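As a plain string of letters, each chain reads:
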Amino acid sequence: MMWFFRYLLPWILAMAPAALTAGELIPTPEFSGHAIPTTEFPEGPADWRPILDTAALVVALSLASYFALVNRSRRNLLLLTVGSLCWFGFWRGGCVCSIGAIQNVSLAAVDPTYAIPVTIILFFLLPLVFTLFFGRTFCAAVCPLGAFQELICVRSIRVPRWLDHCLGLIPYIYLGAAVLLAATGTAFVICRYDPFVAFFRLSGSANMLLFGGCFVLVGLFIGRPYCRYLCPYGAILGLVSSVSKWHVRITPTDCIQCRLCENTCPYGAIQPPTIDQSPADRESGKRRFVALLVLFPLFLVFFAWLGTFLKVPLSRLHPEVRLAEQIREEELGIAEKTTDASDAFRNTDRPVMDLYKSAIARQNHFGRLGGWLGAWVGFVFGCKWIHLSLRRRRTDYRAERSNCVACGRCYRYCPNEQLRLGFIQDISELVPEENGNLKNEDRRSKTKD
Amino acid sequence: MPNATQTKNRRGFLGDSMRVAGALATCSFFGYLAGRKGRNRELLWQIDPDKCMGCGNCATHCVLDISAVKAVQCFPMCGYCDICTGYFDVGYTELDTSAENQLCPTSAIVRTFIESKAGQRFYEYTIDPAKCIGCAKCVKGCALMNGSLYMQVMHDRCLGCNECSIAVACPTEAFCRVPAEAPYLMKRQAIPLVKKFSIR
């Protein structure tokens, strides 16, 4: 330690006041035979990369739509899936991503200082436009997260209908929370809790790997758990897909109701024909529907009120509020030790009261936003109930528009498709006549919606 | 009364026009967003060296095994000190390059003798980016003197995550998004010095 007192301390003491008052530095010496070098920095990513990514997205979307709707080839879709996984997943590290773009777009819509790259806007927009016309072909073979789950789904178990409906609400709630947190500049939760990005990069924190590992494990037995029960972009695409111009059809011509496709969908997206209701059922259904419509606004208000309780937990996600809490605890002597953030704060000349004021304003803001989030959750619940109480008549086996991810597994099970491909000469080769057209009563006993 | 095909046609036409209108509306909204503040090129993560406190989170929180953040030397700001507080550990025994005297855990700082003037010896300190792990120990040490060593995100390594994991862990919110045209920052104090030396 002697050196410190002998050389350094006097030097620091001599320099420090000067440095504090005038910001003066020890001057760089003038050398006779040595030029002061300039710092070399490695170059940033190339100019053409965003253009290439956008072009790849357009090509992949077009191919996926063609393979799913015109070509009707599961094999081609699968090849494209592998290609997308390699490109958008492993090569680009899962980061330029339509799912994450939700957050950039919400931040850009609220914060005028945030400059959003055009690539990200296109990555958000293009799948939406394609879905509006062709259904969720983006999910089928373009999205790297979907591709990953598509390839690991080896033995799928049917999720009970009621559970599927309940879990299917999570993406909407997650979407609301993600938009709220991104728009306030608090956090990009979708990126933070992306389960597969650690696999794409072949590195990541223990939490990320654990989270991803759980999804892989579940994904082996339940088809696409992330897409169905968490993906917020999938929620948007599902809504858009339900009004799409064209959509995947199980059969190339007419449904003969042979029921061969019924169990082929690992994602539970094939709907059987509806059973005619008895007049009594219809009456009670109508009454329930009216009751729900009346209850709907009450629902919104109730959930909005519940949402205001999110004020504190939501605001704690913001670094400034966390810092203010830490400083407050330190001032009151509750905190055991200071953090890096509080140390850094004390090095600035910002007054503590200023921080408190700002943090409290933020907390109140989050209280209002929590109310909105609550109202959104209420809206989602209400819409789901109303949607479930509505009955539409279906006479065929059909791919449910919002849940079908156009993976193409069901095509080959349809006898009409086999006929189209020339594998069989006549439908009766596959479907014996007595099973072919099931009577309504039979179906009633065999299927439950 | 219109027959079935007419109803179907009308419905199809209405549906199509709704779809086109929806597509146009979303496109124009995003066009507006892009036009307002959009950029043709990517935004990249960078550290504002004036805010950085050298906590060392950069070394541990990056999604890469070896962080994309590394220390850099701003030569026009450096004092070329003999006893460099960024190079030597506080408990050093001798002013040499042996490992126990160095602050850097990977000995990524190269110390080169330049000149002896008026009884003072001057050394140049260069960071070897291949060895640097971004622990910021030298940055903290150098802050005692001139503070010419500072942390920067190296864009040949950075993956450009949408939400940077280090930014989440950064105690001083020193991470910001910068345009890809000018992807590196320097300290406010360094700007006039760099200009002075580049003119010379």
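Structure first, text after, so check above.
Residues numbered from 1 in each chain as written. Chains lettered and ligands numbered in written order. Predicted model: local features only at pLDDT ≥ 70, side-chain atom pairs only at ≥ 80, totals over all residues. Heavy atoms only, no water.

Caption draft 1: Looking closely at the overall build of chain A. Per the secondary structure count, chain A includes 22 helices and 2 strands. Taken along its principal axes, the extent of the C-alpha atoms in chain A is 105 × 60 × 40 Å. Relative to its full complement of 449 residues, chain A shows a buried share of 47%. Relative to all contacts within chain A whose residues are 6 or more apart in sequence, the contacts with residues 24 or more apart total 80%. The positive charge centre, built from 46 side chains, and the negative charge centre, built from 35, are 9 Å apart in chain A. (Helix = DSSP H or I, 4+ residues; strand = E, 2+ residues; numbered from the N terminus. Buried < 20%, exposed > 50% of the residue type's maximum accessible area, 1.4 Å probe, protein only. Contact = heavy atoms within 4.5 Å. Lys, Arg positive; Asp, Glu negative; His and termini not counted. Charge placed at Lys NZ, Arg CZ, Asp CG, Glu CD.)

Caption draft 2: Representation of the nonpolar core in the model. One finds Ile99(A), Phe124(A), Phe138(A), Tyr226(A) and Tyr233(A) to be the most contacted residues of the largest nonpolar core, which totals 86 residues. Of the residues forming this core, the biggest block, 9 residues, is contributed by helix α5 (residues 118-134) of chain A. Of all hydrophobic cores here, the second largest spans 32 residues; its members include Ile47(B), Cys58(B), Ile127(B) and Val139(B). (Core = buried A, V, L, I, M, F, W, Y, C linked by side-chain atoms within 4.5 Å.)

Caption draft 3: A look at the packing of aromatic side chains. As enumerated under the stated definition, the model contains 33 aromatic pairs over all chains in all. Here the aromatic rings of Phe124(A) and Phe30(B) are separated by 5.2 Å at their centres, their planes lie at 55°, and the arrangement is tilted. Residue Phe124(A) is located in helix α5, and its partner Phe30(B) is located in helix α1 (residues 4-37); the two belong to separate chains. Of the residues examined, Phe124(A) reaches a relative accessible area of 8% and is grouped as buried. Both rings, one in Phe138(A) and one in Tyr233(A), keep their centres 5.8 Å apart while their planes meet at 80°; by these two values the pair is edge-to-face. You can see Phe138(A) sitting in helix α6 (residues 137-141) and its partner Tyr233(A) sitting in helix α14 (residues 232-241), a full 95 residues away along the chain. Phe138(A) sits in the buried class, given a relative accessible area of 5%. (Phe/Tyr/Trp six-rings, centres within 6.5 Å; stacked < 30°, edge-to-face > 60°.)

Caption draft 4: Seen up close, empty space enclosed by the protein. Residues and elements named next belong to chain B. All told, the structure shown has 8 cavities of 30 Å³ or more when counted by the stated rule. Here the largest cavity defines a volume of roughly 120 Å³. Considering the residues around the largest cavity, the lining is formed by 15 residues, among which Cys62, Cys158, Leu159, Cys161 and Cys164 are closest to the centre. Residues belonging to the lining of the largest cavity are distributed by class as follows: 13 nonpolar, 2 polar and no charged. (1 Å grid on protein atoms, 1.4 Å probe; cavity = no way out; pocket = protein on both sides within 12 Å on 5 of 7 lines; lining within 4 Å. Points joined across faces, edges and corners; volume = space filled by probe spheres on them. Nonpolar A, V, L, I, M, F, W, Y, C, P; charged D, E, K, R; others polar.)

Caption draft 5: Representation of the interface of chain A and chain B in the model. Contact residues are listed per partner, giving 65 residues for chain A and 66 residues for chain B. With both chains or domains summed, chain A and chain B bury close to 5800 Å², and 64% of this area falls on carbon and sulfur atoms. Connecting chain A to chain B are 2 salt bridges. A salt bridge links Arg192(A) to Glu163(B); the shortest N-O distance between them is 3.0 Å. One can count 16 residue pairs in polar contact (both at pLDDT 80 or more) joining chain A with chain B. (Buried area = accessible area lost by both parts, 1.4 Å probe. Salt bridge = Lys/Arg side-chain N within 4 Å of Asp/Glu carboxyl O. Polar contact = N/O pair within 3.5 Å; in protein donor to acceptor, adjacent residues only side chain to side chain.)

Caption draft 6: Representation of α14(A) within the structure. Within α14(A), 9 of the 10 residues are buried, which leaves it mostly tucked inside the rest of the structure. Tucked inside the fold, the buried residues of α14(A) contact α4 (98-110), α5, α6, α9 (170-183), α10 (189-192) and α13 (225-229) of chain A.

Caption draft 7: Region of interest: helix α7 (residues 144-152) of chain A. Residues and elements named next belong to chain A. Among the 9 residues of α7, 8 are classified as buried, and the element is accordingly described as predominantly covered. Among all positions in α7, only Pro144, Leu145, Gly146, Ala147, Phe148, Gln149, Glu150 and Ile152 are buried. Buried residues in α7 make contact with α3 (74-91), α4, α6, α11 (197-201), α12 (206-221) and α13.

Caption draft 8: Structural context of the environment of Leu369(A). All names here are of chain A. Here Leu369 is to be found in helix α19 (residues 352-389). Note: C-alpha distance between Leu369 and Ile102 (267 residues apart in sequence) is 18 Å. Setting aside anything within four residues of it in sequence, one finds Leu369 in contact with Leu180 and Thr184.

Caption draft 9: Seen up close, the side chain of Asn416(A). Residues and elements named next belong to chain A. Topologically, Asn416 is positioned in helix α20 (residues 415-421). Here Asn416 falls in the buried class, since its relative accessible area comes to 9%. From its side chain, Asn416 meets the backbone oxygen of Asp254 in a polar contact 2.5 Å long. Those residues within four positions of Asn416 in sequence are excluded, and the remaining contacts are Thr251, Pro252, Thr253, Asp254, Ile256 and Ile427.

Caption draft 10: Molecular detail of the pairing of strand β2 (residues 69-73) of chain B. Residue and element names in this part refer to chain B. The element β2 is extensively covered by neighbouring structure, given that 5 of its 5 residues are classed as buried. Going residue by residue along β2, you find Val69, Ala71 and Gln73 tucked away on one face and Lys70 and Val72 tucked away on the opposite face as well. Across 5 bridges, β2 lies against strand β5 (residues 149-153) in antiparallel orientation. Note that in β5 the partner of Ala71 across the bridge is Met151. (Pairing = 2+ DSSP bridges.)

Worth remembering: the numbers are spatial, not functional.
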